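The chain contents come next:
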Amino acid sequence: MSTIKAVTFNKYTKPDGFVLADLPMPTIERPGDVLIKVYAASINPIDVKRAVGILRIFNPEKFPARIGYDLAGVIESVGADVAEFKIGDEVFVRLAEDERGAFQEYVVASSKTVALKPTNLTFEEAASLPLASLTSLQGLLAVKGGLKDKTVFVTAGLSGTGSAACQLAKNVFGAAKVITTVSTSKVARIPELLGEGVVDEVIDYKTTAAGKVIPKGSLDVIYDTVGEALSYLHLMKPGGWIISIITLPSGQNLKALFPSIPSWFSLMLDGIFKINHYRASRYRVNYDSVVLVPTKEQLLDLKQWAEEGKLKPVVGKVVKFSDFEGVKKAFTEIYGAKGLTGKTVIKIIE
Ligand SMILES: NC(=O)c1ccc[n+]([C@@H]2O[C@H](COP(=O)([O-])OP(=O)(O)OC[C@H]3O[C@@H](n4cnc5c(N)ncnc54)[C@H](OP(=O)(O)O)[C@@H]3O)[C@@H](O)[C@H]2O)c1
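### Notes on the overall build of the chain
Then, in step 1: Along the chain, the regular secondary structure elements total ten helices and 16 strands.
Then, in step 2: The globule rule puts the C-alpha radius of gyration for 350 residues at 20 Å, and the 20 Å found for the chain is close to it.
Then, in step 3: Taken along its principal axes, the extent of the C-alpha atoms in the chain is 65 × 45 × 40 Å.
Then, in step 4: Here the chain, with 350 residues, has 53% of them falling under the buried criterion.
Then, in step 5: Only carbon and sulfur atoms are counted for the fraction: they give 54% of the accessible area of the chain, which is about 15,000 Å².
Then, in step 6: The distance from the centre of the 42 positive side-chain charges to the centre of the 37 negative ones in the chain is 7 Å.

Written out as structure tokens, the structure reads:
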């Protein structure tokens, strides 16, 4: 039996406990599936959060557990019902929950989740987009009334989600003003990495408190990727929107992704959500917490915007799959959630 190399974990662990395993070569079992040869895969915080067991209450891992949602690669073979793709097509995907395993040489995915790779991007760049950019797209779409001509504050403008959100807000949704925070060394890199004129005001959050320099009552929208938004309520205009991707979602939102979550857990999440909602409502501000529910249609939107130059991937670091110590270090850096620029990508094919 032929085998593939795959990053796995055999018990809940931080990245230093990850194992490079030999797994059976995946095969197409359903007629709508495709087999993808993985060229590049990007790390998301959820990869390491899952590995330490954050979802164990309602979605326990089956060990050895495979890791990773985001990849770009080449179609190796297609199921009997797949007419959309052919062998050799270059694709990218945010894998579905039950297909996880981006950090491995081959993966089987439903053709319903896969899209042709943006033609102007490398495999590393394409692999950096799906999960973070889809999240930011859905987060910004959750703002009722849209962003046109609005003032939008995106926290962490050079994180995976923040870098996409700044660009989508300005280049796709027509925000009038985009404000963001980054650490000191990144301030000067914003125009270079996101494009001139995408961000109108950059705040060095290490030296300056956003809550003090942004005028009171001036923001229409906060897209919060770091969990600070509820301390900025005084900055909001009445009727504005706070969208958080980092505070606990409502039980209802989480159920869309994990239908099996227990009722008590869902009720607890709903309770916490209502408290956040109430705090915002005292300022007449709308509050929502978004959990990504990936769609192929929106992945195709990302492809189009990437090809039009409206969404530039920000790849901060590329690590070779053959350097497994380097791979574990890269996951550990994501676990630390500090100091990185854009996305870290593992180059599977060298
Ligand atoms: N709800 C969902 O469906 C969903 C989807 C995707 C991600 N998320 C969550 O959203 C969060 C962000 O994800 P991500 O992929 O964007 O993370 P990421 O790319 O790993 O971003 C981390 C970066 O943010 C910067 N940062 C940290 N604290 C900051 C602060 N207070 N102000 C400004 N910048 C700060 C850090 O750079 P410096 O140290 O240089 O500042 C750090 O390197 C994670 O917790 C992730 O789990 C949720």
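Picking up after the structure, the text goes on.
### Things to note about the pairing of strand E12 (residues 219-224)
Then, in step 1: The element E12 is largely enclosed, with a buried count of six among its six residues.
Then, in step 2: Pairing of strand E9 (residues 151-154) with E12 involves three bridges; the strand directions are parallel. Looking at E12, one finds that valine 154 is bridged to tyrosine 223.
Then, in step 3: As judged from the five bridges shared by E12 and strand E13 (residues 236-244), these two strands associate in the parallel manner. Residue pairing in the sheet places aspartate 224 in a bridge with serine 244 of E13.

### Here's the deal with the pattern of salt bridges
Then, in step 1: Scanning the model with the defined rule gives 21 salt bridges in all.
Then, in step 2: For arginine 50, the salt bridge identified is with glutamate 61, shortest N-O distance 3.1 Å. Within this pair, whereas arginine 50 is found in helix H1 (residues 45-51), its partner glutamate 61 is found in the loop between H1 and strand E4 (65-66), the two being separated by eleven residues in sequence.
Then, in step 3: Relative accessible area serves as the criterion here: at 2%, arginine 50 is assigned to the buried category.
Then, in step 4: Given the relative accessible area of 11%, glutamate 61 is considered buried.
Then, in step 5: Several salt bridges share partner residues, and in doing so they unite Arg50, Glu61, Arg94, Glu97 and Arg100 into one network.

### Looking at the sheet that holds E4
Then, in step 1: Pairing within the open sheet is antiparallel, and its three strands lie in the order E2-E1-E4. Looking along the sheet, the strands with just one partner apiece sit at the ends: strand E2 (19-24) and E4.
Then, in step 2: Relative to E4, strand E1 (residues 3-9) runs antiparallel, the two being bridged by two bridges. Within E4, the position partnered with phenylalanine 9 by the bridge is alanine 65.

### Some thoughts on the sheet that holds E9
Then, in step 1: Strand order in the open sheet made by the six strands is E11-E10-E9-E12-E13-E14, with parallel pairing throughout. The sheet is open, and its two edges are formed by strand E11 (201-204) and strand E14 (286-289), each paired on a single side. In this sheet, adjacent strand axes meet at a mean angle of 15° when their direction is disregarded.
Then, in step 2: Looking at chain direction, strand E10 (residues 177-182) and E11 are connected through four bridges and run parallel. If you follow valine 182 over to E11, its bridge partner there is aspartate 204.

### Section: unusual backbone geometry
It is generally the case that most residues other than glycine have a negative phi and that most peptide bonds are trans.
Then, in step 1: Proline 64 follows phenylalanine 63 through a cis peptide bond whose omega is -5°.
Then, in step 2: Structurally, proline 64 is set in the loop between H1 and E4.
Then, in step 3: You will see that alanine 156, though not glycine, has its phi angle at about 55°, which is positive.
Then, in step 4: Take alanine 156: it is sitting in the loop between E9 and helix H4 (160-172).
Then, in step 5: For alanine 156, a relative accessible area of 19% translates into the label buried.
Then, in step 6: The backbone phi angle of arginine 284 is positive, close to 60°, even though this residue is not glycine.
Then, in step 7: Looking at the element boundaries, arginine 284 is found in the loop between helix H8 (263-281) and E14.

### Digging into the site of the ligand
Then, in step 1: For the ligand, the set of nearby residues contains 24 residues, the closest of which are Thr161, Ser183, Lys186, Tyr205 and Gly339.
Then, in step 2: Here an oxygen atom of the ligand sits 2.7 Å away from a polar atom, N or O, in the side chain of tyrosine 205.
Then, in step 3: Valine 290 places a main-chain nitrogen or oxygen 2.8 Å from a nitrogen atom of the ligand.
Then, in step 4: Against a free-state accessible area of 930 Å², the protein chains account for coverage of 87% of the ligand.
Then, in step 5: Among the residues making up the shell around the ligand, the classes are represented as twelve nonpolar, eight polar and four charged.
Then, in step 6: Taken together, domain 1 (3-129 + 313-347) and domain 2 (131-289) each give at least three residues to the shell around the ligand, which thus spans both.

### With respect to the packing of helix H3 (residues 130-141) against helix H9 (residues 296-307)
Then, in step 1: In the contact formed by H3 and H9, the axes pass within 10 Å of each other and the chain directions differ by 100°. Taken together, the axes of H3 and H9 are roughly perpendicular relative to one another. For the pair H3 and H9, contact is made by Pro130, Ser133, Leu134, Leu137, Gln138 and Leu141 and by Gln298, Leu299, Leu302 and Trp305, respectively.
Then, in step 2: Tallied by class, the residues present in the contact of H3 with H9 amount to seven nonpolar, three polar and no charged.

### Some remarks on the packing of H3 against H4
Then, in step 1: Viewed as axis vectors pointing N to C, H3 and H4 meet at an angle of 50°, and their least axial separation amounts to 8 Å. Here H4 runs oblique to H3, going by the angle between their axes. As H3 packs across H4, the resulting crossing turns out to be right-handed. Contacts from Ala132, Ser133, Ser136, Leu137 and Leu140 in H3 reach Gly160, Thr161, Ala164, Ala165, Leu168 and Ala169 in H4.
Then, in step 2: Residue composition of the contact of H3 with H4, grouped by class: seven nonpolar, four polar and no charged.

Procedures and definitions
Residues numbered from 1 in each chain as written. Predicted model: local features only at pLDDT ≥ 70, side-chain atom pairs only at ≥ 80, totals over all residues. Heavy atoms only, no water. Helix = DSSP H or I, 4+ residues; strand = E, 2+ residues; numbered from the N terminus. Rg over C-alpha atoms; globule rule 2.2 N^0.38 Å. Buried < 20%, exposed > 50% of the residue type's maximum accessible area, 1.4 Å probe, protein only. Areas by Shrake-Rupley, 256 points an atom, 1.4 Å probe, with all protein chains shown as cover. Lys, Arg positive; Asp, Glu negative; His and termini not counted. Charge placed at Lys NZ, Arg CZ, Asp CG, Glu CD. Pairing = 2+ DSSP bridges. Salt bridge = Lys/Arg side-chain N within 4 Å of Asp/Glu carboxyl O. Axes fitted to C-alpha atoms, helices over the stretch in contact; angles between N-to-C directions. Near = heavy atom within 4 Å. Polar contact = N/O pair within 3.5 Å; in protein donor to acceptor, adjacent residues only side chain to side chain. Nonpolar A, V, L, I, M, F, W, Y, C, P; charged D, E, K, R; others polar. Domains from an automatic or database assignment. Parallel < 35°, antiparallel > 145°, perpendicular 65-115°, else oblique. Contact = heavy atoms within 4.5 Å. Left-handed = near helix turned anticlockwise from the far one by under 90°.

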